[in-house]
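Results of the structural survey
Letter by letter, the chains look like this.
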Amino acid sequence: MIKRSLILITTLLCSLYTMAQTDGVWTFSGKVVDAKSRKALPHVSVTHRNVGTVTNEEGEFILKLKEVPASVTFSCLGYKSRHLTASECKTLEAEGKAVQMQASSVVLSEIVVRGIDKPRELVEQAIEKIDVNYPQTPNLLRGFYRETTQKRNRFISVAEGVVDVYKSPYFKMDWRDGVSIFKGRRLLSQRKGDTLAVKLQGGPVLPVELDVVKERDMLLNSKELDNYHFTYKGVKQTGDRLAYVIEIKPAFVVEYPLYNGLLYIDQETLAFTKIELELDMSNEEKAIKSILRKKPVGLRFTPRELSINIDYKTDDGVTRINYIRNVIRFRCDWKRRLFKSNFTVISEMVVTDRTEGEGVKPIKVRDSFNCRDNFYDKVIYFNDPDFWGNENIIEPTEDLLEGIEKIKQKLK
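Presented here is a report on the structure given in the accompanying data block. All residue numbers refer to position in the chain's written sequence, counted from 1. Local features in this predicted model are restricted to residues whose pLDDT is 70 or higher, and side-chain atom pairs enter the listing and the counts only when it is 80 or higher, whereas totals over whole chains, interfaces and linings include all residues. The side-chain quantities take in all heavy atoms of the structure and omit both hydrogens and water.

1. Re the overall build of the protein
What counts is decided by this rule: Secondary structure elements follow DSSP: runs of H or I no shorter than four residues count as helices, runs of E no shorter than two count as strands, and numbering proceeds from the N terminus. When accessible area is computed with a 1.4 Å probe and restricted to protein chains, residues below 20% of their type maximum are described as buried, those above 50% as exposed, and intermediate ones as partly exposed. In this description, contact between two residues means that some pair of their heavy atoms is separated by no more than 4.5 Å. Only the protein chains shown count as cover for residues, with accessible areas throughout obtained via the Shrake-Rupley method and a probe of 1.4 Å.
Of the regular secondary structure elements, the protein holds seven helices and 21 strands. Split into buried and exposed, the 412 residues of the protein put 56% on the buried side. Here the analysis covers contacts within the protein between residues at least 6 apart in sequence; of these, 70% occur between residues at least 24 apart. Carbon and sulfur atoms provide 48% of the accessible area of the protein, an area that totals close to 19,200 Å².

Here it is in structure tokens:
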């Protein structure tokens, strides 16, 4: 059965967290900014070999490694890659200076442009090369997952954890693809008015359920592509590589909501390197059916946004999933009541390490996180400042930290 409902939500309840950090053998913390505007750059990939993280919404990061690296690489869509030696990293950290990245300027006359008159054919060529561009052996990914819920501008829940993800080769579908929770924690507002919130169903299975390149039933198949109009939008640079940008928009009205989005296809290998999708909200009833699983009687649910961003990273000729971010915004109000509440649920996962090869074993069924489960129910409340140890995480933003402290004070 084709997967159309990506994010299922049930009502009543929430989740949350507190930040803790323990230095590894070698750490580098800082901020990444645009070299010209000095504007903070979010979602920048910060890596050394297989180990890495991403910057948060304020451009901040901390990278933990078991050894002193030869270099640390920073890469981001629209910017040239930046490579810093260990000593350069420590100098910037000691001086309190940010890592600056130069925006790229692509000269179209210097590259081979193909498919601009028939962008769908370019997408189809990229689909045909999935089997050779992506992992051909099993991968066990270590990742950091976080989900937050905000009511208006106030955090009411946060849950986060370290997860393991088993992914079979991309040339075949495998029911054993799955996720297990290594460790996790949560925090929940007890304010009277916060009793109505959300449960995000599936949670950490994002890298399995929303990996559009592997789960081709979702978009990248002939039947689904027939529903879209394709437009060539030029070329973008990601790190040291160039990518064609193809825009997709609904071409027909079908029984379920389609997507508006951008597909980034590597100019050299034709691998999908980034996919941005946003659910078409023009038909509210269809959107609700796609997003909402169930709700209390008398509650009115109005969807505002469902967006999905998927970043892939290419190393040694193989393109792998690296970061996924999902945002859903909606409004809830009760019949016969005057007040309406706007909610925002954000879930994200970054791959922080990986092991691959035929020796990698699937996650045992008894340890697997079920896609129908709620992450909040699987983790415990915490208050341990050394909870993460040497695990790499996505640094919390300042407003998230403030929100967590407010909830903790209320709980006391």
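After that view, the rundown keeps rolling.
2. Description of the environment of glycine 389
When you line up the elements, glycine 389 lands in the loop between strand S21 (380–381) and helix H7 (398–411). For the pair formed by glycine 389 and lysine 64, sequence separation is 325 residues and the distance between their alpha carbons is 9.6 Å.

3. Re the pairing of strand S5 (residues 60–65)
The cut-off we apply is this: In this scheme, strands are said to pair when DSSP sees at least two bridges between them.
By the criterion of burial, S5 is predominantly enclosed, with five of the six residues buried. Relative to S5, strand S2 (residues 26–34) is paired through six bridges, and the arrangement is antiparallel. Within the sheet, the bridge partner assigned to lysine 31 lies in S5 and is glutamate 60.

4. Notes on the pattern of salt bridges
Applicable threshold: Any carboxyl oxygen of Asp or Glu that lies within 4 Å of a side-chain nitrogen of Lys or Arg is treated as forming a salt bridge with it.
Under the counting rule described, the total for this entry stands at 26 salt bridges. In this structure, aspartate 164 and arginine 142 form a salt bridge, with 2.5 Å as the shortest nitrogen-oxygen distance. Highlighted residues: aspartate 164 in strand S10 (residues 154–167) and arginine 142 in strand S9 (residues 139–151), separated in sequence by 22 residues. A residue is classified by how much of its surface remains accessible, and aspartate 164, at 15% relative accessible area, is buried. For lysine 167, the salt bridge identified is with aspartate 211, shortest N-O distance 3.1 Å. Here the residue lysine 167 occupies a position in strand S10, and aspartate 211 occupies one in the loop between helix H4 (206–209) and helix H5 (222–225), the gap between them amounting to 44 residues. Per residue, the accessibility class of lysine 167 equals that of aspartate 211, and both read buried. One salt-bridge network, held together by shared partners, links Glu57, Arg325 and Glu348.

5. Things to note about the side chain of asparagine 56
Note the cut-off: Counting of polar contacts relies on pairs of N or O atoms within 3.5 Å, with two restrictions inside protein: one atom must be capable of donating a hydrogen and the other of accepting it, and residues adjacent in sequence are counted only when both atoms are side-chain atoms.
If you trace the backbone, asparagine 56 turns up in the loop between strand S4 (51–54) and S5. When its relative accessible area of 3% is taken as the criterion, asparagine 56 is described as buried. Here glutamate 58 takes part through its backbone nitrogen, which lies 2.8 Å from a polar atom of the side chain of asparagine 56. In contact with asparagine 56, other than residues within four places in its own chain, are Leu41, Pro42, His43, Ile394, Glu395, Pro396 and Thr397.

6. Focus: the sheet that holds strand S3 (residues 45–48)
To be explicit about the condition: To define axes, lines are fitted to C-alpha atoms, for helices over the stretch in contact only, and angles between the resulting N-to-C directions are given on a 0 to 180 degree scale.
One open sheet holds the four strands; their spatial order is S4-S3-S6-S7, and the pairing between them is antiparallel. Either end of the sheet is taken by a strand with one partner, and the two such strands are S4 and strand S7 (82–84). Taken pair by pair, the neighbouring strands of this sheet meet at an average axis angle of 20°, ignoring direction. Two elements, S3 and strand S6 (residues 72–75), share three bridges in a ladder whose sense is antiparallel. Bridge pairing in S6 links valine 46 to phenylalanine 74. Here helix H1 (residues 86–95) sits on the sheet and contacts S6 and S7; the angle it forms with S7, its principal contact strand, is near 90°.

7. Description of the packing of aromatic side chains
Let me state the cut-off plainly: Each aromatic pair joins two rings of Phe, Tyr and Trp (for Trp, the six-membered one) with centres within 6.5 Å, and gets the label stacked for planes under 30 degrees apart, edge-to-face for over 60, and tilted for any other angle.
On inspection of all chains with the given rule, the structure shows 11 aromatic pairs. Centre to centre, the rings of phenylalanine 28 and phenylalanine 61 are 5.2 Å apart; their planes meet at 75°, and the pair counts as edge-to-face. Within this pair, whereas phenylalanine 28 is found in strand S2, its partner phenylalanine 61 is found in strand S5, the two being separated by 33 residues in sequence. This pair shows no difference in class: phenylalanine 28 is buried, exactly as phenylalanine 61 is.

8. Details of the sheet that holds S5
An order of S5-S2-S8 is seen for the three strands of this open sheet, with the pairing classed as mixed. Strands at the two margins of the open sheet, each flanked by one partner only, are S5 and strand S8 (99–101). In this sheet, neighbouring strand axes are inclined to one another by 35° on average, regardless of whether the strands run parallel or antiparallel. Set on the sheet, H1 makes contact with S2 and S8; between it and S2 the angle comes to about 70°.

9. A closer look at helix H6 (residues 284–291)
Keep this limit in mind: What the arc measures is the spread of directions leading from the helix axis to the C-beta atoms.
Among all positions in H6, only Ala287, Ser290 and Ile291 are buried. Down the axis of H6, the sector holding all buried residues measures 90°, keeping them to one side. Among the exposed residues of H6, those oriented more than 90 degrees off its buried face are Glu285 and Lys289. Backbone nitrogen of glutamate 285 and a side-chain oxygen of the N-cap are separated by 3.2 Å at the start of H6; the cap is asparagine 283.

10. What to know about H1
Buried within H1 we find Ala86, Cys89 and Leu92. The buried side chains of H1 occupy one side of the element, clustering within an arc of 130° when seen end-on. When the buried face of H1 is taken as reference, the exposed residues oriented beyond 90 degrees from it are Ser87 and Ala94. Looking at the buried side of H1, the elements it contacts are S2, S6, S7 and S8. Positive backbone phi, at 70°, marks glycine 96, one or two positions downstream of H1.

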